[in-house]
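Descriptive structure summary
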Amino acid sequence: MSSNQGSSPIPQSSGGTSDGLFRKPRDPSTAPRHYRTPRSLPDVCPKEPPGEGRALCEGPSVVVDQHRWTVYNSKVNLPAALNDPRLAKRESDFFTKTWGLDFTETDVMPSFYLPNISREHFSSYLQETAQREKIHERCKNICLNKDDLSVPTITNNHDKARAELEQVPKIFMKPEFVLNDPATFNAVLPWSHFSVAGGKNSRDVASSRLLQEKLSHYLDVVEVSIARQISLRSEAFFHAMSSQHELQDRLRETADAVAKLRARTAAIDRVMCRGPLRVLRDALTRNNCIKLHNKLKLMAAVHQTQPTVQLLLSTSEFVGALELIATTKEVLQQELQGIHSFRHLGSQLCEMERLIDKMMVADFSTYTQSDLNRAFEEDSQVLEKDRLQSLVFGLLRQRKLDFLDIYSEEMIRAAKNIVRQCVVKSVLQISEIDADTVKFHEQMRLMTFPQWFDLLLDIFEHFILFLKRIKATLSVIRNMVLEVLDSSQRSRLADVSSATNHSDGRTNEEEEEAESGGPALHSGEAELAYLTHEGLFISDALNEAEQRSNAAAHAQLRAQTHTETCGSDSASATTESSSSREHNSNTTSSLPIGGAAVIEDVMPSDLELSRVANNVQELLYTASDVSHDRCVKVLMTRAKDGSLERLSSSEFVCLSQAVESFVRDTEELCGRRSMSLRGALQSQANRFVQRFHEERKTKLSLLLDNERWKQAEVPAEFQDLVDSIADGRITLPERKPTGCEDRKPSEFLCVDGQKYAVVGTVLLLIRMFLEYCQCVNDIPSITTDILTRLADLLKHFNSRSCQLVLGAGALQVVGLKTITTRNLALASRCLQLVVHYIPVIRAHFETRLQPRQYSILRHFDHITKDYNDHIAEISAKLVAIMDSMFEKALSKYEVKAPMPSACLRNVCKQMAKMHEAIHELLPEEQTQMLFLRINASFKLHLKRQLARLGVGNDGGPQYGLVMVDVAFYSENVQALRSLEHLDLNMPEIWEQKR
């Protein structure tokens, strides 16, 4: 009890108290003033004589030596154990034994990572806690210790009792004190002090008596202490006893009251409650029987589900079978949950549903094959429209939204088969091709162009019918999807409005019940209480109570469910046949209402339905692209050996027109501009244009190389061609049958009232650029390419004619002896004719180009400039010829009789030849301008010669002779045709006087 106030006895080094115990001094602040050390009892066992005790036992005696120090009381001194005796000098640090002789004590450097802590670091904390510390010290002074509040007498008694209890050994106070333990028993009864020889001597008797007296004394001390404690708490004991008696009286009164209450309650139950409750129980029993009967009828209806589903599947009524399965699954989950006989029906229905999915996919694939591969001679209407609608609705209901992929794959196969069938049918009509030995692609290459072109037209026609059939089928599918989407949205709006009306009506009913006091609720509670007491049909009663109390909450939850679901059962009415509706009505007549909710739950969402509708439209675009791709393969197969590049212009134009017509028809049908066929035609057109241009350029080069630059007669057909151009028809005229009209050719080509003397090459050049223009009319896609090629052709004509005429290349190529002035004038006139038609060609191409492509027309501006420069060079060449003649002739001119001089006669003769050579080729204006330039050259050379001769305008004899020659020159020049009114201005031959 007071073991915590002292320590175990330890040996004393010097004499002290008589009992040999060391008492730890108490805290002087808590020790009482009247404290005095209690005396221990005298040892009951006398000291043994030396040597006798050692003979009995080598261990210490508990009785004799309990206060004497023995070796068993020794402790290990850690510093003493760690001191190294080998060291000559004891070090202050005793860890040198472990660390070795070489260890030297050094000062430890302060850490750089730890700050130096001073009192200033705690200043803020001390300031915060200073006020609370003052309050704490003040409270300590006011509230004294509880020991100080005790009465001195009580303190003295407490100390005395504690001192007496301390005499009792601590082993008796331990919680684990058990005499069954041998160690404890030996410690309490030290039998080692008694004789073990078998006899009793006086010493053993005395020791046992002393031990008994000592234990009796310990018992007395403990009993006195217990009695003292009881006396201190006597009032609490007496109070507890009196409270116990009072509690027993009250319990007896309570038991009597409970017995009376039970008797009265049993009487009330017997007289007033058993009859009415029996009526309620019978009514509930009747309701349960009705429910059981309905459950049995429902189970009978569910039992007929599998045969009915099989019957529906035999007639391909997939939608009806799916709806029946869905309704049955809902009934199993809600109404018939836990029925042991139906434990496998749910998995069987799921397996049947998966089987129906596979059957619908296979049936849709079969339908697609039969629809796309049927003969085109049949009606182009949709094949078995009702069957298609039923399949589409069933696939949508099962969320098999990838059925369009099946249609796409079958569509690609059907497109391949169309081409193959057309080729086989065409090859059978051609006896030159053996279909058994020649490969499929080689068969098309072995056909002539008319045969292959007929095959291509047949393929185009079949693909148009193919696309019409696909469009009709996809229209039915799209309308079905949109109808389901519209029905879903309308059903959702109707559910929301009905839920709102129902919740409003329910609110009114609740208000009326609240006003009337709610008798129904009280009766439900009473019934529920009785059934709970009796233990009958508790679950059913709970369900009915919940249904009555939470009807409004269920209605609102159902409205939210209908709002979130995306499907409709009304759409099924448009797709089901009469037989499926009959089967459903016969089978599900006993099933609960809720099939519509099931259908709504499984239908796709609005977003998915919209995506399917868009995919249907994309599938139509894909059909157009597939058709174009198959036609491209036919086109590329034919073009692989370059046969399309070798087509004539009319044949390629026919091919281009057929392709453009097919492309326009598919665009109108599908609403999609497919570029694959156009691109293939464009690539072939580019190759055709390249070959077309190379042929005409080569032909033009050959014509120029063989041209002798003499005036050619103009056939009537070329004159008609020029006239049609003047009328605005920049096309090649239709060929007239030979012999229908015999007109003679003319010497000149009349263009807009002007006569053009031309060579045969220019006539063919006009026809060539009309062919280029005709290609643009027939194939608008190659306008830019044709324009650049035509520009190249015109440049080639200009450069090559310059090389042959001005560069005198015709002397070596053709074998001309010389390039005459007539050749030069004829070449100039031909160039002028081409320059005349360049604006016409430009205007024609400008109408075929887009505004962003107008920059390419600058080629015609460059060509016009080059042609005009060439014409100017030819004119300068004619003037240069006469200039060299004037320089040579007038260098020998002398002013002497006879007049006119021979030099001037020769000059006039040469000018007459010049005029005779060009006046029929060039128009009058150009002739006059040319002779004005020649006259200026003549006057310049005559003026220089007169200056050398020193003849001036002085009226002398030489002046007169010169004037006679000048008059002769003027008369001869003005006598030439179209030069009568030419102003020669001859006075310029004289030097002006300064």
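The rules behind the values
- Residues numbered from 1 in each chain as written.
- Predicted model: local features only at pLDDT ≥ 70, side-chain atom pairs only at ≥ 80, totals over all residues.
- Heavy atoms only, no water.
- Patch = residues over 30% accessible without salt bridge, like charges linked within 9 Å, V, L, I, M, F, W, Y side chains within 5 Å.
- Areas by Shrake-Rupley, 256 points an atom, 1.4 Å probe, with all protein chains shown as cover.
- Salt bridge = Lys/Arg side-chain N within 4 Å of Asp/Glu carboxyl O.
- Helix = DSSP H or I, 4+ residues; strand = E, 2+ residues; numbered from the N terminus.
- Core = buried A, V, L, I, M, F, W, Y, C linked by side-chain atoms within 4.5 Å.
- Buried < 20%, exposed > 50% of the residue type's maximum accessible area, 1.4 Å probe, protein only.
- Contact = heavy atoms within 4.5 Å.
- Lys, Arg positive; Asp, Glu negative; His and termini not counted.
- Charge placed at Lys NZ, Arg CZ, Asp CG, Glu CD.
- pLDDT = per-residue confidence, 0-100.
- Phe/Tyr/Trp six-rings, centres within 6.5 Å; stacked < 30°, edge-to-face > 60°.
- Lys NZ or Arg CZ within 6 Å of the ring centre and 35° of its normal.

Examining a nonpolar patch on the surface
Side chains of I117, F122, Y125 and L126 sit close together on the surface and give an oily, nonpolar patch of about 420 Å² of accessible area. Tracing the sequence through the fold places I117 in the loop between helix 3 (96–99) and helix 4 (123–142).

Examining the pattern of salt bridges
In total, this model carries 21 salt bridges according to the counting rule given. Between R696 and E695 there is a salt bridge; the shortest N-O distance is 3.6 Å. Among the salt bridges present, the one from D869 reaches K865, with a minimum N-O distance of 3.2 Å. In this pair, D869 and K865 are both assigned in helix 31 (residues 858–890), four residues apart and thus about one turn of the helix distant. Where salt bridges share partners, they join E660, E667, R673 and R678 into one cluster.

What to know about the nonpolar core
W452, F466, L655, I766, F845 and Y969 are the most contacted members of the largest nonpolar core, which has 196 residues in total. The greatest single-element share of this core, amounting to 19 residues, is contributed by helix 16 (residues 449–516). Beyond its immediate sequence surroundings of up to four residues, F466 is in contact with L372, F376, M411, A414, A415, I418 and S627.

Structural notes on a negative patch on the surface
Together, E713, E747, E916 and E920 make up a region of like negative charge exposed at the surface. Take E747: it is sitting in the loop between helix 26 (716–726) and strand 1 (749–751). A relative accessible area of 55% means that E747 is categorised as exposed.

Describing the confidence of the model for the protein
One rule of thumb: low pLDDT means the predicted coordinates there are not for detailed reading. Confidence along the protein averages 76 in pLDDT terms, with 74% of residues attaining 70 or more. Mean pLDDT across the elements of the protein bottoms out in helix 20 (residues 570–575) (34) and peaks in helix 31 (93). Scored below 50 in pLDDT, residues 517–543 makes 19 contacts in the model with residues more than four places away or belonging to other chains. Taken as a whole, residues 545–600 scores under 50 in pLDDT and shows 101 contacts with residues more than four places along the chain or in a different chain.

Focus: the packing of aromatic side chains
Scanning the entire structure with this criterion turns up 16 aromatic pairs. Their ring planes at 40 degrees and their centres at 6.1 Å tell us that F845 and F860 sit as a pair that is tilted. Highlighted residues: F845 in helix 30 (residues 821–846) and F860 in helix 31, separated in sequence by 15 residues. Like F860, F845 is buried. Seen in terms of ring centroids, F938 and Y969 are 3.9 Å apart; in terms of plane orientation they differ by 20 degrees. Their pairing is stacked. Placement of the pair is F938 in helix 33 (residues 924–949) and Y969 in helix 34 (residues 957–974), with a sequence separation of 31 residues. In terms of burial, F938 and Y969 fall into one category: buried. Taken together, the ring pairs connect F652, F688, F692 and Y772 into an aromatic cluster. We note R829 situated over the ring of Y756; from NZ or CZ to the ring centre the distance is 3.9 Å. Above the face of the F968 ring, R905 is positioned so that its terminal group lies 5.5 Å from the ring centre.

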